Amino acid sequence: MMTEQVQVSTSTAPLDEAVRRLEAHFGNAIRRDDREGYTGVVVEPSHLVEVAKFVRDSLGFTYLASATAVDYLGKSESDHLEMVYHVCDLRGGPPLTLKAQTPRDQATLPSLVSVWPGADFQEREAWDLMGIRFEGHPNLKRILMWEGFHGHPLRKDWKEAYYEQEHKPFDSRWPEGHVRRAEELNPFGKNVRYPAGFSLDGYEEQAERAIYEGAPLGVQVSDLATEQVVVSLGPQHPSTHGVFRMVVTLDGETIVRLEPVMGYLHRNHEKIGERNTFLHNMPFTDRLDYFCSMSNNLGYAVAVEKLLALGKRWDPPTYRAEAIRVLMVELTRILNHLVAIGFLLNDLGAYFTPLMYSIIERELILDFFEAVSGSRMMCNYMRFGGVAYDLPERLQSTAALINDRVRDFDTMHYLRALIHDRLPRAVEQTNDLLTTNEIITNRCIGVGVLTREDAIAYSAAGPVLRASGVPYDVRRAEPYSIYPDLEFDVAVRYHGDVYDRYLIRLDEMVQSLRILKQILPILEETKGQPFFSGKPGQYNPRVPAGEAYGRVENPKGELGFYLVSDGGQNPWRYHVRSPSFINLTALSQMCKGHKVADVVAILGSIDIVLGEVDR
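Residues numbered from 1 in each chain as written. Predicted model: local features only at pLDDT ≥ 70, side-chain atom pairs only at ≥ 80, totals over all residues. Heavy atoms only, no water.

A. Main features of the pairing of strand E4 (residues 63-71). Burial of E4 is extensive: nine of the nine residues sit out of reach of the surface. Of the pairings in the sheet, the one linking E4 to strand E5 (residues 81-88) comprises eight bridges and is antiparallel in character. Of the residues in E5, the one forming a bridge with Leu64 is Val87. (Buried < 20%, exposed > 50% of the residue type's maximum accessible area, 1.4 Å probe, protein only. Helix = DSSP H or I, 4+ residues; strand = E, 2+ residues; numbered from the N terminus. Pairing = 2+ DSSP bridges.)

Encoded structure:
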């Protein structure tokens, strides 16, 4: 196993120095964002590409973590749209925030794909949902909505069919004798318009033309004329891990071009999030990466707590609450990686048995989650200021932790057996059975290589990034919770292929177990201490006006929430930086030159969940 000790400074001094250098170099082309509760610099659109190159090449912020569009309708005289870029120095520290503003009626900004290729899907998302056109983008078209869709649904003036109100709770839902169905007063079609000349008869043609446009259908190789074939893998295909499609151009059996096509599961999670109160969004985060609801909860809680810290009256989570949080998310990391390896084997053609073996250990963790939160998968457990419940004294498990009968366990005894015995044994056996297996090595070594430079450029995150030789982990780069008090190393591999993406997950499970063994005595020492810093039951505070980008190291990579508050109980802007979505940006690069069977393995090695891709 390869690891690196990563020592970083969390001081904001490097950011201050970066802003000073930007001011000195670009003068009036940039200005500090002086809105109360806001940070970063606002860049004149005409200088955006130049500033981005300077930030990357001269200031060392080589990694684009997130790109978010915000609609400020009614919040300023200009009613502008804004793009917010969070760029990171891979040596560590908080991200530098760059912003560019554009008028609503002619929303146009230069594309940054030439500077950070990882902006590709994120700019397409901003065009699709917010209507910002990016000049110079190599493939600007909708990415989550279908091509015939009218309007941009995250704009504040866009109203869907059966629209009721801007914020929940809706008046129609109150049990005061006025309960009604929204469609009775606002029937379908009243607020739905289609583009001029559009008809359902032409839908298929429009959608297919948008997808296949530019796909080469003929090539001359020496003196032998051959034809290329365009093949669609998915969206209903067992190896696509959900309703996801890959449009593949083949020359014989070799991949010439691949385009990921998503959006079949899109439900406008962020529009819902802006109508919910801050607290109401907590259970919605469970539905993103539904394997990792505890980790999703923590990412959102960190973001809201950053906003709450802008106010004068805010008590951060207690030490016990933070220890419980780390316990939950590190168990989640092991749970996720075990299943990810099982699914990868399934994609490689293995029988279902290896996946079932992974699921058995996962069930032990889910038993614990259910006992604590009341739910096995959609846990809804974190709260702003702590967690919803303390650990119970005892729990029941139907899994064979000690024997084959249902047993009533002391919780700490259960955790000790799980962390010191069952999970280490599962990781060790996985390594023994698979790592030197001839089929695994033949199918994975040298396949789907993503170089270090490409991994950074395409904004890859998590195991995909670290398997390419980049020891970047948010837990060390911008520490949160009690991670600064814990000893663990950042796992890293250097070949960037499917095999290293498998190995890195084994390495990370070893490090998670190392963390969990340190958490157990903390739980014993803090027993009886508060698990929530606020008043009991009061989980829905009024959030100060401002912005915050909260990020955590989820099992699949950096999960970030960018929030804008106008001082009320509902987010003005709620955006999810989902690692599954952004990691797919590099899929085409990884697949070129390989065979169709390799594509299945490469996709499996990324470890995506479509609930998080589409949102």
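B. View of the layout of surface pockets. The computed volume of the largest pocket comes to approximately 610 Å³. The wall of the largest pocket is formed by 25 residues, among which Leu15, Thr39, Pro94, Pro95 and Thr97 lie closest to the centre. Among the secondary structure elements, those contributing two or more residues to the lining of the largest pocket are helix H1 (13-26), strand E6 (96-102) and strand E19 (546-554). Lining the lining of the largest pocket are residues from two domains, each supplying at least three of them: domain 1 (3-135) and domain 2 (269-614). (1 Å grid on protein atoms, 1.4 Å probe; cavity = no way out; pocket = protein on both sides within 12 Å on 5 of 7 lines; lining within 4 Å. Points joined across faces, edges and corners; volume = space filled by probe spheres on them. Domains from an automatic or database assignment.)

C. Layout of the packing of helix H9 (residues 319-347) against helix H16 (residues 498-525). In the contact formed by H9 and H16, the axes pass within 9 Å of each other and the chain directions differ by 155 degrees. As the angle between them shows, H9 and H16 are arranged roughly antiparallel. As H9 packs across H16, the resulting crossing turns out to be left-handed. The class makeup of the residues in the contact of H9 with H16 is 21 nonpolar, two polar and five charged. (Axes fitted to C-alpha atoms, helices over the stretch in contact; angles between N-to-C directions. Parallel < 35°, antiparallel > 145°, perpendicular 65-115°, else oblique. Left-handed = near helix turned anticlockwise from the far one by under 90°. Nonpolar A, V, L, I, M, F, W, Y, C, P; charged D, E, K, R; others polar.)

D. Examining the pairing of E6 more closely. Burial runs high along E6: six of the seven residues are buried. Bridge count between strand E3 (residues 41-43) and E6: two bridges; the pairing is parallel. Considered in E6, the bridge of Val42 is made with Lys99. Examined bridge by bridge, E5 and E6 share seven bridges and lie antiparallel to one another. For Glu82, the partnering residue across the bridge sits in E6 and is Gln101.

E. How the structure looks around the sheet that holds E3. Spatially, E2-E3-E6-E5-E4 is the arrangement adopted by the five strands of the open sheet, whose pairing is mixed. Here the strands that pair on one side only, and so sit at the sheet edges, are strand E2 (30-32) and E4. Pairwise comparison of adjacent strand axes, ignoring direction, gives a mean angle of 25 degrees for this sheet.

F. Geometry of the pattern of salt bridges. Summed over the entire model, instances satisfying the criterion amount to 43 salt bridges. Residue Asp367 pairs with Arg376 through a salt bridge whose shortest N-O separation is 2.9 Å. Residue classification places Asp367 among the buried residues on the basis of a relative accessible area of 4%. Among the ionic contacts, a cluster of salt bridges with common partners joins Glu330, Arg333, Arg466, Asp473, Arg475, Glu508 and Glu553. (Salt bridge = Lys/Arg side-chain N within 4 Å of Asp/Glu carboxyl O.)

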